[in-house]
Structure formats: C-alpha cells, structure tokens
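# Working through the structure, step by step
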Amino acid sequence: MSSAPLAYRRVLLKLSGEALMGDEDYGIDPKVIGRLADEVIEAQKAGAEVGLVIGGGNIFRGAGLAAAGMDRVTGDQMGMLATVINALAMQDALEKRGARARVMSAIKINDVCEDYIRRRAIRHLEKGRIAIFAAGVGSPFFTTDSGAALRGIEIGADLLLKATKVDGVYDADPKKVPDAKRYDRLTYDEVLRQGLEVMDTAAFALARDSDLPLRIFDMSQAGVLLRILRGEPIGTLVQGRS
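Quick notes on the rules
Residues numbered from 1 in each chain as written. Predicted model: local features only at pLDDT ≥ 70, side-chain atom pairs only at ≥ 80, totals over all residues. Heavy atoms only, no water. UniProt positions renumbered as here; feature names shortened; annotations may be inferred. Helix = DSSP H or I, 4+ residues; strand = E, 2+ residues; numbered from the N terminus. Expected span 1.5 Å × (residues − 1). Polar contact = N/O pair within 3.5 Å; in protein donor to acceptor, adjacent residues only side chain to side chain. Phe/Tyr/Trp six-rings, centres within 6.5 Å; stacked < 30°, edge-to-face > 60°. Buried < 20%, exposed > 50% of the residue type's maximum accessible area, 1.4 Å probe, protein only. Lys NZ or Arg CZ within 6 Å of the ring centre and 35° of its normal. Contact = heavy atoms within 4.5 Å. Pairing = 2+ DSSP bridges. Axes fitted to C-alpha atoms, helices over the stretch in contact; angles between N-to-C directions. Parallel < 35°, antiparallel > 145°, perpendicular 65-115°, else oblique. Left-handed = near helix turned anticlockwise from the far one by under 90°.

## What about the UniProt feature "domain: Aspartate/glutamate/uridylate kinase" (unreviewed entry) in the protein?
- Taking the UniProt record as the reference, the feature "domain: Aspartate/glutamate/uridylate kinase" (unreviewed entry) is found at residues 10–218.
- Helix makes up 40% of residues 10–218 and strand 20%. Its end C-alpha atoms lie 20 Å apart.

See below:
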C-alpha cells in the first residue's frame, strides 16, 4: 500500500444513519458498520485525526415524526437519542478492531458516554483516539449536518467530509437524469447561486462563514477515505467564494 503523505491531518467525517442499515429496512447492519469502522481505522493508522458525526435516520428522524403529528421538539430529542445509539455502536465496532474511541454527547447522558467538551475532544484526537460526536448540537431544529459543521469548526478540522449515496454533487438527480453533470469543484457561492443540494442551509452557512472545505463523496468504495486524505480528487470539493 502507498505511504503517500496526508494532505489533511484532522478531518470530521459525517455519516448518515441510513448508511448503517445496509440492505436492511431499519437499524444497524453489523457488516456495514464493521466496514465503515475499518475505513476509519485505516485513515487513523495512516496518521489522520478523525472525528465522526453519525445521523439517526436509521432509527428515528425527528422531522419525519413531526410531519406525522408529533411535537417537533420531542421528535428532535428522540432523534438525538438515536444518534447516541449509533455512536455507541460505532464505538463498539472500532474498539473490537483495536482502535481507541470516545463518544461525546451534546446532551447529558453520563452513564453511557462523555459530555462534549471542546478541549477534551481535541485532546482525544491528539492522543490518537477517534472522537464520535453524538446528539447533534444538543438543541432541536438543527440537523446532524449542522452538528458536523459545528464540530468540524470547533476542533479545527482541515476538511469536512460528507459521505452520501452518490459520488459528488450533480446539477440534477443522477438517478433521474442519466446525463447529469458532476462537479469536481465548486465555491460556496456557486452552490448557493445554482441552488444545489449539498447539506442543510444552517450547516452550509456555518461551513461557508468559517471557510471550512467540504468534500461530498460516496463511501461505498473500499479505501476511499484514505485516498481522499492523501489528496485524491474524489467526489466534489466545495470551498472558497467566487
């Protein structure tokens, strides 16, 4: 395996909860979370400091529950708890493979994980531990995309990575439009001007205002995370302004 130097030393990886389901309709597929853990460990062993944020859509989605009539705050709080479940599952998968990991929650749930404290999170990363940030930003009405952008900024990440089901940002839905164009690079202003769907508005504004580079990619390929960290132009990079 190539031992090329890393282009990014500290990164924040955002995974959707749905990514943990595999072919299941609900919950967590042990084989899928194991493969994702392998990818993260490979990057960490190469010298990267890795923070993780995982959504909760494989268990509960607050906005969907609210649309069905549940109080939005209650639905979002349930969604936050779902992200804690996913974070604990990822911690277990990482530790079973010999990695050191810590779950840090934005809401107090001390019997199962640590409270999120920025300086402690950075120390975990510096000590070679994988930090998993759960419960979003700790408040309703904010998605885990916002949690990922916020934590990425707070820990001083060099790159925010968003793993999706497609290999980048397109000018149309590639599943519906066969000749949709994929962008290799975009500025934040171009994304806004063209109305492209990258992440939710609040998260996007956070990343843009802090000039945090964002790469959208498909994590289904083996070894893709380490290849990105070594500088390969995989997926779509969003950074800077026009």
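## Some points on helix α3 (residues 72–96)
- Its 25 residues place the ends of α3 36 Å apart at the C-alpha level, agreeing with the 36 Å of an ideal helix rising 1.5 Å per residue.
- Near the N-terminus of α3, the side chain that reaches the backbone nitrogen of V73, with its oxygen 3.2 Å away, is that of D71.
- Downstream of α3 by a residue or two, G98 has a phi angle that is positive, lying close to 95 degrees.

## Considering the packing of aromatic side chains
- Per the counting criterion, the structure on display carries 2 aromatic pairs.
- Ring geometry for Y188 and F204: centres 4.9 Å apart, planes at 65 degrees, overall edge-to-face. Of this pair, Y188 sits in helix α6 (residues 188–194) while F204 sits in helix α7 (residues 201–209), placing them 16 residues apart in sequence.
- For Y188, a relative accessible area of 1% translates into the label buried.
- A cation over a ring is seen here: R151 above Y116, with NZ or CZ 3.7 Å from the ring centre.

## Some details on the UniProt feature "binding site: UMP" (unreviewed entry) in the protein
- Mapped onto this numbering, the UniProt entry gives "binding site: UMP" (unreviewed entry) at G56, D76, V137, G138, S139, P140, F141, F142, T143 and T144.
- Along the chain, P140 turns up in the loop between β5 (130–134) and α5 (144–154).
- A relative accessible area of 22% means that P140 is categorised as partly exposed.
- Leaving out residues up to four positions away in the same chain, P140 has contacts with V73, D76 and M80.
- Looking at the element boundaries, T144 is found in helix α5.
- Contacts of T144, omitting those with residues within four sequence positions, involve K14, V53, I54, G55 and T83.

## Describing the sheet that holds strand β11 (residues 236–238)
- Across the sheet, 9 strands lie side by side as β4-β3-β5-β2-β1-β6-β10-β11-β9; this open sheet has mixed pairing. Edge positions in the sheet fall to β4 (114–115) and β9 (185–186), since each has one partner strand and no second.
- The sheet contact formed by β9 and β11 spans 2 bridges and is parallel. Counterpart to L186 in the pairing with β11 is V238.

## Here's the deal with the packing of α5 against α7
- Direction vectors running N to C along α5 and α7 enclose 15 degrees, while the axes themselves pass 7 Å from each other. Here α5 lies roughly parallel to α7, going by the angle between them. The two elements α5 and α7 meet at a crossing, and its hand is left-handed. Contact with α5, carried on its side by D145, S146, A149, L150 and I153, involves A202, A203, L206 and A207 of α7 and no other residues of that element.

## Structural notes on unusual backbone geometry
- A positive phi angle, near 70 degrees, is found at A135, a position not held by glycine.
- Along the chain, A135 turns up in the loop between β5 and α5.
- With relative accessibility at 1%, the residue A135 sits in the buried group.

## Remarks on helix α1 (residues 30–45)
- With 16 residues, α1 should reach 22 Å at 1.5 Å per residue; the first-to-last C-alpha distance of 22 Å fits that figure.
- Of the positions making up α1, those classed as buried are V32, I33, G34, L36, A37, E39, V40, I41, A43 and Q44.
- Where α1 begins, one side-chain oxygen reaches toward the backbone nitrogen of K31, 2.9 Å away; that side chain belongs to D29.
- Positioned one or two residues after α1, G47 has a phi angle of 115 degrees, which is positive.

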